[in-house]
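# Coordinates in review
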Amino acid sequence: MNGIHDMGGMQDMGPIEYEKNEPVFHAPWESRVFAMFLASSAWHKWNLDAFRHTREVLPADDYLLVSYYEQWFSGLRDLLVRRGLVTGAEMESGVPAPGTAKATPPLTADKVPAALPNRLHAMRDVQGSPRFQAGQRVRARNPNPVGHTRLPRYARGKFGMVDRDHGVFVFPDSNAHFLGEKPQHVYSVRFAARELWGEQAPQKDAVYLDMWDDYLDPA
Amino acid sequence: MTTNRRDFLTAAVTAAGAALTPELSHAHDHEHQHDHEHQVVPSDPALRVKALESLLVEKGLVDRAALDTLVDTYENKIGPRNGARVVARAWVDPAYKARLLADANDAMADFGYLSKQGDRMVVVENTSSVHNLIVCTLCSCYPWPVLGLPPVWYKSAPYRSRSVIDPRGVLREFGLDLPADIEVRVWDSTAELRYLVLPERPAGTEHLSEEQLAALVTRDSMVGVTKVAPPQAGVSA
């Protein structure tokens, strides 16, 4: 989706606002939203791609206006209802529907340390030969899907060089919409700054993007 | 859910007291930053978040002790000191550095920060001729296991938008003016690989222990927006 979230290469967004000695959370409610999202993700009713997409579909002015954890909160509420963990009526009333059995939370405090090292859980141990090798010249495809994608606009149609093969990962474009994992190789691809931004860019500089097989053509 | 989401957002904006005129985009940006700086969090989100937590606990969807543990973990246990220890080890131990660059998961597992089979991490090395910078233009991907949760500026539109098109300008905002002959490599975290910069070891630190070196390493240097400064006079052992 060509949304406001895909902002790589935009200009005039203002200076970078740096906060010295910044706290991890700026208010207790932010930390609770953060923790609720991680804990309820343990039901495996959604994935990170789907969560990212809930933020991407926010109206552009809201996306820029509300804080990061407000985006998380709205995304969490969306997924909880859409994926059936909470009904719309419960979300409105704030109380469980009468007669519903209490569930057992899958993530308990003792399980937290073991759960964190594989939180992203996106690699897949499946066979499948890579379409590209390190050193190979490639061109990013130029799709304009209305759904989720991790191929930024600024790289579409551009030529690059495969730097390394990271292995097989789930494919966000389908996974975000619960249309299957479509596991495939992900490569680090080097794009010269001049290829992306034109002749005024410094000659040696480069941007590396992680690209799925389905984002690339041989060139 | 669209209605609910809009309601929430509208309520949050109203409570923040932001009198917004759409044509005044800079005023709009200013109000946004203002909220972050002064932490004027509308009471409305706090109440709504509390209500959702009660509902999820009552339904048995989340365990309150698990929430407390998650918050405590990222507030107090997992943060840039993790990454600093990895960097310091790489500075003093060439064999460790080689492992770190070849297979960061394997090397970081020594400290218990990552599992060999878990989420993938990649370490990129700054040298006298190459400077690396990490960004996530599409959202907020950041190496949690070694740096903790990202600061607001890392997730902000100014940093995300300009890091790829004008990394040298971004670095100048952080006080780092790189010579033209240095190659700048920007790593846009578009997939589930997480990047960490291995900064250059500053001059004048030959006599420092691994622990003293770790104390010099900052979060910002491991994102690549600054270099590690040499020890201040009187601080070094």
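Position numbers for residues start from 1 in each chain and track the written sequence from start to end. Each chain gets a letter, beginning with A, and each ligand a number, beginning with 1, in the order they are written. Given that this is a predicted model, residues contribute local features only at a pLDDT of at least 70 and side-chain atom pairs are listed and counted only at 80 or more, while totals for whole chains, interfaces and linings are drawn from all residues.

Helix and strand assignments follow DSSP, with helices taken as H or I runs no shorter than four residues and strands as E runs no shorter than two, numbered in order from the N terminus. If you tally the helices and strands in chain B, you get 13 helices and four strands. This entry defines residue contacts through backbone-placed C-beta atoms, with two residues in contact when those atoms are within 7 Å. Relative to all contacts within chain B whose residues are 6 or more apart in sequence, the contacts with residues 24 or more apart total 68%.

All right, on to the sheet that holds strand 5 (residues 216-218) of chain A then. Judged by pairing direction, the sheet is mixed, and its seven strands sit side by side in the order 5(A)-1(A)-2(A)-3(A)-4(A)-3(B)-2(B) without closing on themselves. Two strands lie at the open edges of the sheet, namely strand 5 of chain A together with strand 2 (130-135) of chain B, each paired on one side alone. Ignoring strand direction, the axes of neighbouring strands in this sheet form an average angle of 35°. Between any two strands, at least two bridges found by DSSP are needed for them to pair. Sheet analysis places strand 2 (residues 159-169) of chain A next to strand 3 (residues 184-192) of chain A, joined by seven bridges and oriented antiparallel. In the sheet register, Asp165(A) faces strand 3 of chain A, and the bridge partner there is Tyr187(A). Here helix 10 (residues 157-165) of chain B sits on the sheet in contact with strand 4 (206-212) of chain A together with strand 2 and strand 3 (183-188) of chain B, set at roughly 145° to strand 2 of chain B. Think of each axis as a best-fit line through the C-alpha atoms, taken over the contacting stretch in the case of a helix, with angles from 0 to 180 degrees between the N-to-C directions.

So, about the domain arrangement of chain A. All names here are of chain A. As annotated, the domain borders come from an automatic or database domain assignment. Domain boundaries assigned for chain A yield domain 1 (28-118) and domain 2 (137-218). One C-alpha centre belongs to domain 1, the other to domain 2; they are set 29 Å apart. With six residues of domain 1 at the interface, the matching set in domain 2 holds five residues. Looking at side-chain class alone, the side of domain 1 that touches domain 2 contains one nonpolar, two polar and three charged residues. Here the nonpolar group is Ala, Val, Leu, Ile, Met, Phe, Trp, Tyr, Cys and Pro; Asp, Glu, Lys and Arg are the charged ones; every other residue, Gly included, is treated as polar.

Residues and elements named next belong to chain A. Mapped onto the elements, tryptophan 43 comes out in the loop between helix 1 (28-41) and helix 2 (48-56). To sort residues by exposure, count the other C-beta atoms lying within 10 Å of each residue's C-beta; 20 or more gives buried, 12 or fewer gives exposed, and values between give partly exposed, all with C-beta atoms placed from the backbone. Exposure remark for tryptophan 43: the 17 C-beta atoms within 10 Å place this residue in the partly exposed category. The sequence separation of tryptophan 43 and leucine 209 amounts to 166 residues, and the corresponding C-alpha distance is 31 Å. For tryptophan 43, the contacting residues outside a window of four places in its chain are Leu85 and Pro106.

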